[in-house]
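# Structural overview
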Amino acid sequence: MEGTVSHKKPNYAAIFWALFILTIFEIAIANMPFAKVAVVLLLVFLAIVKASLVALFYMHLKFEKFIIYVIVLFPLFLAVVLTVMVLNDRMPTLLT
Amino acid sequence: MWIFLASEIMFFTGLIGSYIVLRFANIHSWPVPSTVLNIPLTAVNTFILICSSATLVMGLASVQRGYREGLQVGLFLTVLLGSVFLSIQFHEYHELIHDGFTISSSIFGSCFFTLTGFHGAHVLAGVIWLTVVLIRSFLGYFSPEEYAGVEIVGLYWHFVDLVWIILFTILYLI
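Residues numbered from 1 in each chain as written. Chains lettered and ligands numbered in written order. Predicted model: local features only at pLDDT ≥ 70, side-chain atom pairs only at ≥ 80, totals over all residues.

### Digging into the overall build of chain B
Rules: Secondary structure elements follow DSSP: runs of H or I of four or more residues count as helices, runs of E of two or more count as strands, with numbering from the N terminus. With C-beta atoms placed from the backbone, a residue is buried if 20 or more other C-beta atoms are within 10 Å of its own, exposed if 12 or fewer are, and partly exposed between those counts. In this description, any two residues whose backbone-derived C-beta atoms lie within 7 Å of each other are considered to be in contact.
Of regular secondary structure, chain B possesses six helices and zero strands. What you see in chain B, going N to C, is helices and strands ordered as α-α-α-α-α-α. Principal-axis analysis of the C-alpha atoms gives chain B an extent of 55 × 30 × 20 Å. Per-residue burial over chain B gives 39% buried out of 174 residues. Long-range contacts, defined as pairs at least 24 residues apart, comprise 79% of the intrachain contacts of chain B with a sequence gap of at least 6.

### As for the overall build of chain A
Counting secondary structure elements, chain A contains four helices and zero strands. Looking at the 96 residues of chain A, the share that counts as buried comes to 17%. In chain A, of all internal contacts separated by at least 6 residues, the share reaching a separation of at least 24 is 47%.

### Digging into the packing of helix H4 (residues 68-98) of chain B against helix H5 (residues 107-138) of chain B
All names here are of chain B. Note the threshold: All axes here are fitted lines through C-alpha atoms, helices being fitted over the stretch that makes contact, and every angle between N-to-C directions spans 0 to 180 degrees. These descriptions rest on fixed angle ranges, namely under 35 degrees for roughly parallel, over 145 for roughly antiparallel, 65 to 115 for roughly perpendicular, and the rest for oblique. Helix crossings get a hand from a simple test, with the near helix turned counterclockwise from the far one by less than a right angle marking a left-handed crossing and a clockwise turn marking a right-handed one. Residues are grouped as follows: nonpolar covers Ala, Val, Leu, Ile, Met, Phe, Trp, Tyr, Cys and Pro; charged covers Asp, Glu, Lys and Arg; every other residue, Gly included, is treated as polar.
Interaxial distance between H4 and H5 falls to 9 Å at its minimum, and their mutual angle equals 155 degrees. By the angle between their directions, the pair H4 and H5 is classed as roughly antiparallel. The way H4 lies across H5 gives a crossing that is left-handed. Residue-level inspection shows Arg68, Leu71, Gln72, Leu75, Phe76, Thr78, Val79, Gly82, Ser83, Phe85, Leu86 and Gln89 of H4 in contact with H5, the latter providing Thr116, Gly120, Val123, Leu124, Gly126, Val127, Leu130, Thr131, Val133, Leu134, Ser137 and Phe138. Split by residue class, the contact of H4 with H5 holds 13 nonpolar, ten polar and one charged.

### Let's talk about unusual backbone geometry
The backbone phi angle of A:His60 is positive, close to 60 degrees, even though this residue is not glycine. Inspection of the secondary structure puts A:His60 in the loop between helix H2 (36-58) and helix H3 (66-90). On the basis of neighbour counts, which here come to 21 C-beta atoms within 10 Å, the residue A:His60 falls in the buried class. Notably, B:Phe142 is not glycine yet its phi reads approximately 75 degrees, a positive angle.

### Looking at the nonpolar core
This is how the line gets drawn: To form a nonpolar core, buried Ala, Val, Leu, Ile, Met, Phe, Trp, Tyr and Cys residues must be joined through C-beta atoms within 7 Å.
Counting 55 residues, the largest nonpolar core has A:Val54, B:Leu130, B:Val150, B:Phe159, B:Val163, B:Trp164 and B:Phe168 as the members making the most contacts within it. Those elements that provide at least two residues to this core are helix H1 (12-30) and H2 of chain A together with helix H1 (2-25), helix H3 (39-64), H4, H5 and helix H6 (148-173) of chain B. The element contributing the most residues to this core is H6(B), with 15 residues.

Okay, here's the thing in structure tokens:
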């Protein structure tokens with residue numbers, strides 16, 4: 001980062017079209033007559049794929065050092081722990 | 001910059017976590033988002049934000065090749081698309097409030113306006129920051145050897161795009 005990157009450039013146009021097509025898929029899936037659980041799981045999966053594409057290629061996370069992954073992923077881990085704990089507190093029957 | 005983004009990740013994941021908890025706690029009374037929100041309009045807005053990330057990254061690639069005009073075009077288009085995103089969001093808010101869907105009308109309303117409002121504030125900050133970078137590029141700053149200012153604002157802008165990708169899915173589609 002910071003003006004010293006010398007890695008091979010990602011194909012930004014390909015990433016753009018991938019994001020574009022995945023968003024169309026998302027909207028189509030949201031209107032499909034599938035089971036609600038299947039629709040939710042598919043949409044969450046697609047959102048994670050799109051977010052990962054942006055982080056890895058547009059934000060160049062793919063070319064960063066391991067410590068940057070730790071900085072990015074640790075708060076995500078804390079947020080998941082917090083959400084699961086509060087959910088467990090609110091609705092013990094949901095998770096047990 | 002990554003440390004700052006880590007704090008932003010905690011901020012937005014905290015809000016999203018609260019949304020998930022509130023939604024599960026009110027699962028039977030939660031409205032179907034498509035009955036309240038304008039999904040087609042927001043889909044267009046999502047495309048606009050995705051396009052803005054592409055124009056910014058193309059601008060960065062241009063300055064890395066020593067093509068400053070390409071950087072200026074990329075930054076200008078990004079500022080323009082960011083402004084259009086905000087205008088559409090403002091229009092969406094106006095329509096929703098006119099229809100009685102406000103921040104205090106329901107838990108969904110509180111979650112919706114809190115999450116999209118904070119995201120919109122981040123977009124506004126990004127548009128202002130990008131405008132400053134655009135002006136600096138016209139003043140002769142940035143070259144193939146020194147483009148850190150563009151890369152740092154790019155990290156912020158792509159993060160804002162990334163957050164919207166998640167918000168669009170959980171608030172509008174699910």
